[in-house]
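Structural features, examined
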Amino acid sequence: MTDEANKKGPESTRRKFLTATTALAGAALAGLPGPAEAERKRNPKRGGTLRFGTRDDSIALDTHRNIIYFVSHPLTGITGGLVDFDDKMQPKPAVAESWDASSDLMTWTFKLRRGAEYHNGQTIDAESVKWNIERIKDPKISHAFTRSVLSDVERVTVDDKHTIRFHLKEAHAALDINLIYYPVNLMAPGAVDTADTHPVNCGPFKFKSWRRLDVCELVRFENFWETDSEGNSLPYLDALVGRPKKEDRVRLTALRTGELDLIDNVAYADAPAFKKDHGRTFDTWNVPQVGTAMMFFNLKNGLLSEKDNTDAHLLRQAIAHAVDHEGIHQAVFNGIGEISKGFYSSASPWHSKDIEGWPKFDPDKAKALRKKAKGGDEKFTIIANDTFPYMQQSGELVHAMLKDAGFNAVLEILPSPVMLEKQNKGDYHIDSTANSYRLDPDGWYGRNILSTAPENRRRIGYKNEKADQIILAARKERDQAKRRLMYADVETLVNRDLPMLYTHFVPLMMAGNRARVKGFDVSYSGPWSYSGAGMRRTWIEG
C-alpha cells in the first residue's frame, strides 16, 4: 500500500502486530548469510543468465489451472499480481499501487499502477484484472487451491480504467494478503488461447520455452514496472534458466561442478557438512519454515470417513497414536527444524502456544484402538509425492510405524499428475503431504479447514461447524492478537478431530555459487521473487 493508505484500515493494524511479534522470526533470519549490505548498494552488473536447479516443476503452463509454487517452480518468474510481498512476507504494492477497505470490510478498492503491462504489451487495466478474477473463480477452469482464495468474492466491478472493487459475501480483514501473486496471478486476456503452450503474464521474466522436468527458459521483461532505489529497471538478469532435478544429490553435484549457479534446497542430511566443507565457495540461505508437513486423512469416503465407517474417528486416533514424531524429526529432517502441533512454527509471528496437541505416540494404545475399531484390519493406502524427498520419506516412516501397530498398510510413491488424480477421486486413505507457508492464517484455515473451501472439499472433506464459525469470525476481526488466539482454537479442534496429523515444519537451505551469484537474498519463507529483491535484484559475474 502507499504510505497514506498504510495509515488506515486493517493493514495498519496488521503492520503494528507484525512489528511487535517478529522477534523470533528476526532471530531466525539473522542467521541468513546473504550478500553484504555494501554489495547490495553498489552499482550492479546488469545481465547474465542464472541457471537455477529446483526440486520440482509445474504440471503444466496455464497459471490459473495449475499451481505455480513460488519456492521451487522456475515458472514463478513469469507470474505477477495485484499485491507483492517483502522479505518479511508483509504485503507490498505491485500492479495495485494502493488499496483500502470499507469500514465493514465488505468492499475492497484497488488503484492500479499506470503504465503496467502484460508481456505482450497489453495494458494492465481494471477490465483485464476483472477478467482474471472471473476466470479464476470459474470452477471449470481454475485449480481449487487458487479458487479458494476468492471464495468470499461475490463480484468485481470496474470504477474506471485504473480502479477495481472487490465486493465480498462476508467481511474479510485480510483480502489484500490473499491476493498476492501466489496464487492469484494475472495473465493477458488477449493471449488466453496460448495459456497452455506459451503463457503471457506480467512478472519480471517472460516465457521462452519449457519442457517439464527438463528445462524452463525465461528472459527479462524489459517493461516490468519495478525499479531499484536508483531508478534502474528490474530485473537485472538477462535470463533465468530453470533446471528441475528431483534427486537432492544430483542437484547438489550440479551446483558443485558449475552446471548450476543456484539451487533451491540442500538435503537435510547434507546441509551441515556442506556448510562446513564448502562455506568459502558457496553462499547458503537458511529458511526456518518454507511450509508444514502433515498427513492428510481422506474424510470424503472410505475407512477414515464417517460417511462410510462409524468408527472412522477411532481409526484416525489409532493412526495418530502410532506415529512417532521424534522419529520423523530425526530420520527425515536430520534433527533440523521443529516438530509441528499446528501450522505455524515458533519463528512465525502467527505461532501460538495455546494449542492442544495431537494424540501422543503410544504404540500399545494404537494397537488397542485399531483392534477395537471397525475396519481396523482392512487395507489402508498411503500415497506420497515422488518430488519432495521429505514427503516420500515421511510416508515411508509412517507406513512402517503403522505396520508395527498391526495396520494392513500399503505405500504408493507417485508422480504429481497421478497424485492429483487420486486426490480428486478420493482414491487413498492417507496422503503424506505439506503446504507452503501462508502470509496470513486465513490462507491456510480458510482454504484447507473451512468446510466450504474448494481445496478442503477436493482433498479432505472435513467439516466442523465450530471451526467454520471461528474461521469466519476471524476474517472479520481487525485485532491480530485476537485472531491468533482464535486460530489456536481451530488448531485444537483439528488435533482432536484429526482430519490431518501435523508432523513437522519444513526448513530449507538454498545454496549458490559465491563468485557468480551476486545480490541474491531469499524471503522469510523461501520465495525468490519478491518486492525489490530476490531474483529481481540478482546479477551474474564472471
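Owing to the predicted nature of the structure, the values given are computational and were not obtained by experimental measurement. (Residues numbered from 1 in each chain as written. Predicted model: local features only at pLDDT ≥ 70, side-chain atom pairs only at ≥ 80, totals over all residues. Heavy atoms only, no water.)

With respect to the helices and strands, Gly 406 occurs in the loop between α13 (389–404) and β14 (408–414). Residue Gly 406 is classed as partly exposed on the basis of its relative accessible area, which comes to 37%. Distance from Gly 406 to Gly 357, taken between C-alpha atoms, is 24 Å for residues 49 residues apart in sequence. (Helix = DSSP H or I, 4+ residues; strand = E, 2+ residues; numbered from the N terminus. Buried < 20%, exposed > 50% of the residue type's maximum accessible area, 1.4 Å probe, protein only.)

For helix α10 (residues 312–322), the tally of buried residues reaches 9 of 11 residues, placing the bulk of the element in the interior. Every buried residue belonging to α10 is among Ala 312, Leu 314, Leu 315, Arg 316, Ala 318, Ile 319, Ala 320, His 321 and Ala 322, and all of these are buried.

On to the pattern of salt bridges, then. Side chains that carry opposite charge are capable of pairing whenever their charged atoms lie near each other. Evaluated as defined, the whole model comprises 33 salt bridges. For Asp 386, the salt bridge goes to Lys 246, with nearest N and O atoms at 3.1 Å. Of this pair, Asp 386 sits in the loop between β13 (379–385) and α13 while Lys 246 is found in the loop between β10 (239–244) and α8 (248–256), placing the two residues 140 residues apart along the sequence. When the shortest N-O distance is used, the salt bridge between Asp 431 and Arg 459 registers 2.7 Å. Of the two residues, Asp 431 sits in strand β15 (residues 430–436) while Arg 459 sits in helix α16 (residues 454–459), which places them 28 residues apart along the sequence. What makes Asp 431 buried here is its relative accessible area of 0%. (Salt bridge = Lys/Arg side-chain N within 4 Å of Asp/Glu carboxyl O.)

Below, the discussion takes up the confidence of the model for the protein chain. Residues of the protein chain with pLDDT of at least 70 account for 92%, and the chain-wide mean is 92. Of the regions scoring below 50 in pLDDT, residues 1–41 engages in 80 contacts with residues more than four places distant in sequence or in other chains. (pLDDT = per-residue confidence, 0-100. Contact = heavy atoms within 4.5 Å.)

What follows deals with α13. Taking 1.5 Å as the rise per residue, α13 with 16 residues should run 22 Å; its terminal C-alpha atoms sit 22 Å apart, in good agreement. Taken as a whole, α13 has its buried residues at Pro 389, Tyr 390, Met 391, Ser 394, Gly 395, Val 398, His 399, Met 401 and Leu 402. Gly 406, located one to two residues past α13, shows a positive phi value of around 95 degrees. (Expected span 1.5 Å × (residues − 1).)

What follows concerns the sheet that holds strand β4 (residues 96–101). Think of a sheet as strands paired side by side through backbone hydrogen bonds, with each pair either parallel or antiparallel. Spatially, the 4 strands line up as an open sheet ordered β4-β5-β7-β6, and their pairing is antiparallel. Because the sheet does not close on itself, it has two edges, and the strands there are β4 and β6 (153–160). Within this sheet the neighbouring strands show an average axis-to-axis angle of 20 degrees, counted without direction. Relative to strand β5 (residues 107–112), β4 is paired through 5 bridges, and the arrangement is antiparallel. Paired with Ser 98 across the strands is Lys 111, a residue of β5. Along the sheet, helix α5 (residues 126–137) makes contact with β5, β6 and β7 (163–168), crossing β6 at roughly 170 degrees. (Pairing = 2+ DSSP bridges. Axes fitted to C-alpha atoms, helices over the stretch in contact; angles between N-to-C directions.)

Spatially, the 10 strands line up as an open sheet ordered β8-β9-β10-β1-β11-β16-β12-β15-β13-β14, and their pairing is mixed. Two strands lie at the open edges of the sheet, namely β8 (205–211) and β14, each paired on one side alone. Pairing between strand β1 (residues 49–54) and β10: 6 bridges, direction parallel. By the bridge assignment for β10, Leu 50 is matched with Leu 240.

To continue, consider the layout of surface pockets. Put simply, the largest pocket is a space of about 680 Å³. Ile 67, Asn 385, Phe 388, Ala 434 and Arg 459 are the residues nearest the centre of the largest pocket, which is lined by 34 residues in total. For the lining of the largest pocket, the element with the most residues is β15, which contributes 6 residues. Across the lining of the largest pocket, the residue classes break down as 12 nonpolar, 13 polar and 9 charged. In this structure, the second largest pocket is lined by 14 residues; those nearest its centre are Ser 151, Asp 152, Lys 169, Thr 452 and Pro 454. Looking at the lining of the second largest pocket, its residues break down into 6 nonpolar, 2 polar and 6 charged. (1 Å grid on protein atoms, 1.4 Å probe; cavity = no way out; pocket = protein on both sides within 12 Å on 5 of 7 lines; lining within 4 Å. Points joined across faces, edges and corners; volume = space filled by probe spheres on them. Nonpolar A, V, L, I, M, F, W, Y, C, P; charged D, E, K, R; others polar.)

Omega for the bond connecting Tyr 182 with Pro 183 falls within 30 degrees of zero, at 10 degrees, which places this linkage in the cis form. In this chain, Leu 234 is followed by Pro 235 through a cis amide linkage whose omega measures 0 degrees. Along the chain, Pro 235 turns up in the loop between β9 (215–220) and β10. Positive phi outside glycine occurs at Leu 213, with the angle close to 60 degrees. The topology assignment puts Leu 213 in the loop between β8 and β9. Judged by relative accessible area, which is 30%, Leu 213 ranks as partly exposed.

Another aspect to go through is the environment of Ser 345. When you line up the elements, Ser 345 lands in the loop between α11 (325–331) and α12 (363–372). Overall, the relative accessible area of 1% leaves Ser 345 in the buried class. Each C-alpha atom, one on Ser 345 and one on Val 506, is 9.4 Å from the other, the two residues being 161 residues apart in sequence. With sequence-adjacent residues up to four places away left out, Ser 345 is seen in contact with Gln 289, Glu 338, His 351, Phe 505 and Tyr 524.

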